[in-house]
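# Commentary on secondary and tertiary structure
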2 protein chains.
Amino acid sequence: MPKLGMEPIRRSALVTATIEEIGAAGHLGVTVGQIAKRAGMSTALAHHYFGGKDQIFLAAMRHILREFGQEALVRLRDARTPYARAEAIVGACFAPSCFAPATISAWMTLYARAQTNDGTARLLRLYQLRLHSNLTHALRPLTDTPDVAATTMASLIDGLYLRAALARTSDANHAHQTALNALKTIVGPKNDQA
Amino acid sequence: MPKLGMEPIRRSALVTATIEEIGAAGHLGVTVGQIAKRAGMSTALAHHYFGGKDQIFLAAMRHILREFGQEALVRLRDARTPYARAEAIVGACFAPSCFAPATISAWMTLYARAQTNDGTARLLRLYQLRLHSNLTHALRPLTDTPDVAATTMASLIDGLYLRAALARTSDANHAHQTALNALKTIVGPKNDQA
DNA sequence: TTTTATTGATTGACGAGTTAATAAAAATCC
DNA sequence: GGATTTTTATTAACTCGTCAATCAATAAAA
């Protein structure tokens, strides 16, 4: 009984299931079978729509990155000053959604795979470039060296995220606060009025 | 023809082979068979000495962390002032040895596995605590908030390393320089004379 | 009748960990 | 000092399991 127009529904179900499954397992060692089962279909159908495991995984990654982009966009829309824009970007990076176990696992997997998988590497680069570009734009009115400041902030964000996500000692709020403090320092105390 | 006292030789050969193999493959998807072959022995012998794949991998991780510790120790020994000590720690984190492909792969794998593997998580925490403690000690005479400063520097270092290791745009020297600049900013321009 | 949806069953491959066996050095005993 | 027992070293062969990907078949909509 082939209901027509199933492709988009199936694809999205598989993407969701992939993220959930990676989150539950904590790593990439999830099988197409597990994913398909969680999405309520057969292995064969998953292969039919995506072609292979790699492509399923990439689609899931793209989905997470798109969600993150949305998060940033919404916050940037409400920011009226350059400083507020910088704060908005930082806020997006430490949003609760970024700390969902599934999201954390997906990010770690992304990092680990970026070394060997070209598609993954491209995706990671895309994220890094966007973050950098957003930060540069926000910081340009606030410092003589927006490029250096953006690189520093971006790296600090990644590092804080890594620590907060993996270490038991630190939590998301603390990391967020540390990033905001650093932003204030980088930009110079005189500009810190939002 | 059992030559006696093979155990330490075999173990160390396996550790070396594991790192090389992970470096060559770029990820954790290396088999015990591959490792054993590179180390010049049978799969069974690898299991005999280590018990299982997890323990082989953990031993390799410990080896890399030990090497990093040595690198830091040597540099710290020659540092005469607090500022020089901080610089020495940063220098160790961006030493060429940290950017060997095998080392990068091992680090990424460490991050990815820390979520699910307890032993790996412990190892990672150990590294993070040591780095933090070293930095706090070095920064204590230079700032009122050595703890915050250490957390910021440690995260920045991790983030810069991540970017330099994975992105094509940045290189180790550039990352190193950025970290040193940040150190100067954090500590305050007045203290920047080594 | 062609296209879209769907899956059970299968293929082919690989891999972690075990076992049973061989061999020689070292330790113990007579 | 020679015989034996134990310990250490070593691997070929095997078990048991998994999993990605494919195929052949079924069914209904266009």
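Residues numbered from 1 in each chain as written. Chains lettered and ligands numbered in written order. Predicted model: local features only at pLDDT ≥ 70, side-chain atom pairs only at ≥ 80, totals over all residues.

## Topic: the relation of the copies chain B and chain A
- Expressed as a screw operation, the relation of chain B to chain A combines 0.0 Å of axial shift with a rotation of 180°, fitting to an RMSD of 0.1 Å. Such values leave the two copies arranged in the relation of a two-fold axis.
- Most of the interface of chain B is mirrored in chain A: 100% of its interface residues are interface residues there too. (Least-squares fit on C-alpha atoms with pLDDT ≥ 70 in both. Contact = placed C-beta atoms within 7 Å.)

## Focus on helix α7 (residues 118-139) of chain B
- Between its first and last C-alpha atoms α7(B) spans 31 Å; for 22 residues at 1.5 Å apiece the expected length is 32 Å, and the two agree.
- What α7(B) keeps buried is the set B:Thr120, B:Leu124, B:Gln128, B:Leu131, B:Asn134, B:Leu135, B:Ala138 and B:Leu139. Angular distribution of buried residues about the axis of α7(B) spans 130°; they occupy a single face of the element. Across α7(B) from its buried face, at more than 90 degrees, point the exposed residues B:Asp118, B:Arg122 and B:Ser133.
- Lining the buried residues of α7(B) we find α8 (146-166) of chain A together with α4 (53-77), α5 (82-93), α6 (101-114), α8 (146-166) and α9 (172-187) of chain B. (Helix = DSSP H or I, 4+ residues; strand = E, 2+ residues; numbered from the N terminus. Expected span 1.5 Å × (residues − 1). Buried ≥ 20, exposed ≤ 12 C-beta atoms within 10 Å, placed from the backbone. Arc of directions from axis to C-beta.)

## Things to note about the interface of chain B and chain A
- At the interface, 31 residues of chain B touch 31 residues of chain A.
- Counting residues per element, the ones that place at least two in the side of chain B that touches chain A are α6, α7, α8 and α9 of chain B.
- For the side of chain B that touches chain A, the element with the most residues is α8(B), which contributes 12 residues.
- Taken together, the residues that form the side of chain B that touches chain A break down as 14 nonpolar, 13 polar and four charged. (Nonpolar A, V, L, I, M, F, W, Y, C, P; charged D, E, K, R; others polar.)

## Thoughts on the packing of α5(B) against α7(B)
Residue and element names in this part refer to chain B.
- Between α5 and α7, whose axes approach to 8 Å, the crossing angle comes to 155°. When the axes of α5 and α7 are compared, the pair comes out roughly antiparallel. As α5 packs across α7, the resulting crossing turns out to be left-handed. Touching Pro82, Arg85, Ala86 and Ile89 of α5 are Asn134, Leu135, Ala138 and Leu139, all from α7.
- Along the lines of polarity and charge, the residues of the contact of α5 with α7 split into six nonpolar, one polar and one charged. (Axes fitted to C-alpha atoms, helices over the stretch in contact; angles between N-to-C directions. Parallel < 35°, antiparallel > 145°, perpendicular 65-115°, else oblique. Left-handed = near helix turned anticlockwise from the far one by under 90°.)

Geometric values such as these leave the question of function open.
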